[in-house]
Amino acid sequence: MRRILTVVLSVAFLGLQYRLWIADGGVAHTQRLSGELESRRAENLRMRARNAAMDAEIGDLKSGVAAIESRARATLGMIRQGETFYFVVDKS
């Protein structure tokens, strides 16, 4: 009888150890989720900064001609009428 009780308790103990260390909800799963949470938080911070920059750019584009002109010059290579465009080639 004592031997059976020892076997049953040992199996129960091993089962609980498996659930604690390996199964979902255990230590390994919790560590994996903590790492994923940190990477998501970092991604959210990066996205918030990008969204703030885009909001500022949208506000600039809505409020003034200077921002639109600057964007057209930088992205489209546009120049004003009467301006002279000089293209400088770097030797390197």
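Residues numbered from 1 in each chain as written. Predicted model: local features only at pLDDT ≥ 70, side-chain atom pairs only at ≥ 80, totals over all residues. Heavy atoms only, no water.

Participant: Would you mind going over the overall build of the protein chain with me for this structure?
Facilitator: What the protein chain contains, in helices and strands, is three helices and zero strands. Rg of the C-alpha trace for the protein chain: 32 Å, well past the compact-globule value of 12 Å for 92 residues, more than 25% over. Taken along its principal axes, the extent of the C-alpha atoms in the protein chain is 105 × 40 × 10 Å. Counting across all 92 residues of the protein chain, residues that qualify as buried make up 4%. (Helix = DSSP H or I, 4+ residues; strand = E, 2+ residues; numbered from the N terminus. Rg over C-alpha atoms; globule rule 2.2 N^0.38 Å. Buried < 20%, exposed > 50% of the residue type's maximum accessible area, 1.4 Å probe, protein only.)

Participant: How should I be thinking about the pattern of salt bridges in this particular structure?
Facilitator: One side chain can pair with another of opposite charge once the charged atoms of both are near each other. Tallying each qualifying case throughout the model produces seven salt bridges. A salt bridge links R46 to E43; the nearest nitrogen and oxygen atoms lie 2.8 Å apart. Of this pair, R46 and E43 are both found in helix α2 (residues 27-63), three residues apart, which corresponds to roughly one turn of the helix. Residue E43 is classed as partly exposed on the basis of its relative accessible area of 33%. With a closest N to O distance of 2.6 Å, R80 and E69 form a salt bridge. One end of the pair, R80, is in the segment after α3 (65-76); the other, E69, is in helix α3, and eleven residues separate them in sequence. For R80, a relative accessible area of 48% corresponds to the partly exposed category. Overlapping salt bridges, with partners in common, bring together E69, R73, R80 and E83 in one network. (Salt bridge = Lys/Arg side-chain N within 4 Å of Asp/Glu carboxyl O.)

Participant: Would you explain a nonpolar patch on the surface in this entry?
Facilitator: Nonpolar side chains collect at one region of the surface, where Y18, L20, W21, I22 and V27 lie side by side and expose about 500 Å² of accessible area between them. If you tally residues by element for the nonpolar patch, the top one is helix α1 (residues 2-21), at three residues. Inspection of the secondary structure puts L20 in helix α1. The exposure class of L20 is partly exposed, given its relative accessible area of 39%. (Patch = residues over 30% accessible without salt bridge, like charges linked within 9 Å, V, L, I, M, F, W, Y side chains within 5 Å. Areas by Shrake-Rupley, 256 points an atom, 1.4 Å probe, with all protein chains shown as cover.)

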